[in-house]
Amino acid sequence: LVRGCACGDRDGVSSPELGVVHVSCLAEQAKILVKESLETNLSHEAKNERWTRWHTCSLCEQLHHGVVGHALGWACWKTYVGRPETDLARRTAMQNLASGLGVEDKVRILEAQIATETRLGAPELNILIAKNNIANCYDRLGRREDVLQLRREVYARSVAIGSPDALSFSYALSLSMALVEANYSAEAKHFLCEQLPKARRALGAEDQAFIKLRRTYARCLCDADGATRDDVVEATTILEELSRMTRRVFGPSHSFTEDNDNYLRTAQGSSSGSTSPSSKK
């Protein structure tokens, strides 16, 4: 019995009886739903929605995380590995498999996926997804310059080919975070000022990507050279609002909420350490 989503811990109220499930039951549910979608004439959107059961809770609609997400990645791969190399389910399962591996092994799987997708003439969108995942691995390995170079490439190509809004803004978020990590906070701030209004209109105020874009913007305000007390106060205000929102939407113990609270404590510490508007200039 495991819990790997936001069920049972939302709106600031913990409900221990909710959100507890067998991993094997989650996998079996996903198998049945995907099998039905492959055997019936469902729309593309309906088939995609059923496939998400391999990585997303059907109740709270949040991604499974931690060991639950890893276990489902392996279960997904074992289910479809026997299919032909060109089979879409097998190719998608390879993406899920990567979540169950260590970082260096994950890079090798993703590189193999890119080689396969390229050889089979797959849409560039699929290849960009794999490249973005490799950049995630590089980030965990501390390869900052490689991360930034790949983030720029993926975002630029996603815009050029007209990727769906959710995906393009996800890549925009990744690029902005890479800029901050590489100490290009001023560039990141300018980039985010362009992205935030468009992301809010396209995604909505409670979307994870939009929340993270705002959180990254708050970080830029604190970290940029020449940041003033007013910048830090603005960042703290943004993070306080996001803290309330994430507790309500995702629950207080979700990793997304905890990450936001960590950013908030850092900003509050910076704010208390600034005694005058010019002290951080």
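If you're wondering where the values come from, they're calculated on a predicted model, not measured in any experiment.

The rules behind each value
Residues numbered from 1 in each chain as written. Predicted model: local features only at pLDDT ≥ 70, side-chain atom pairs only at ≥ 80, totals over all residues. Heavy atoms only, no water. Helix = DSSP H or I, 4+ residues; strand = E, 2+ residues; numbered from the N terminus. Rg over C-alpha atoms; globule rule 2.2 N^0.38 Å. Buried < 20%, exposed > 50% of the residue type's maximum accessible area, 1.4 Å probe, protein only. Contact = heavy atoms within 4.5 Å. Areas by Shrake-Rupley, 256 points an atom, 1.4 Å probe, with all protein chains shown as cover. pLDDT = per-residue confidence, 0-100. Phe/Tyr/Trp six-rings, centres within 6.5 Å; stacked < 30°, edge-to-face > 60°.

A. Region of interest: the overall build of the protein chain. Each helix and strand in the protein chain was counted, giving 12 helices and two strands. Overall, the protein chain shows an N-to-C arrangement of helices and strands of β-β-α-α-α-α-α-α-α-α-α-α-α-α. For a compact globule of 281 residues, the expected C-alpha radius of gyration is about 19 Å, and the protein chain comes in at 20 Å, within 12% of that figure. In terms of overall dimensions, the protein chain has C-alpha extents of about 65 × 45 × 35 Å along its principal axes. Taken over 281 residues, the protein chain has a buried fraction of 43%. Taking the intrachain contacts of the protein chain between residues at least 6 apart in sequence as the baseline, contacts between residues at least 24 apart amount to 57%. As displayed, the protein chain has an accessible area near 14,400 Å², and 51% of this comes from carbon and sulfur atoms.

B. Representation of the confidence of the model for the protein chain in the model. Confidence in the prediction for the protein chain averages 85 pLDDT; 90% of positions are at 70 or higher. Confidence, read as mean pLDDT per element, is least for strand β2 (residues 13-14) in the protein chain (53) and greatest for helix α7 (residues 144-160) (95). This model gives residues 275-281 a pLDDT under 50, and the stretch forms 14 contacts once residues within four places in sequence are excluded.

C. Layout of the packing of aromatic side chains. Summed over all chains, the structure comprises four aromatic pairs. Relative to Y80, the ring of W54 lies with its centre 6.0 Å away and its plane at 80 degrees, an arrangement referred to as edge-to-face. A residue pair is termed long-range when its members are at least 10 positions apart, and W54 in the loop between α2 (44-51) and α3 (66-80) and Y80 in helix α3 qualify at 26 residues. Each member of the pair, W54 as well as Y80, is classed as buried. Taking the centre distance of 4.7 Å and the plane angle of 70 degrees together, the rings of F250 and F256 count as edge-to-face.

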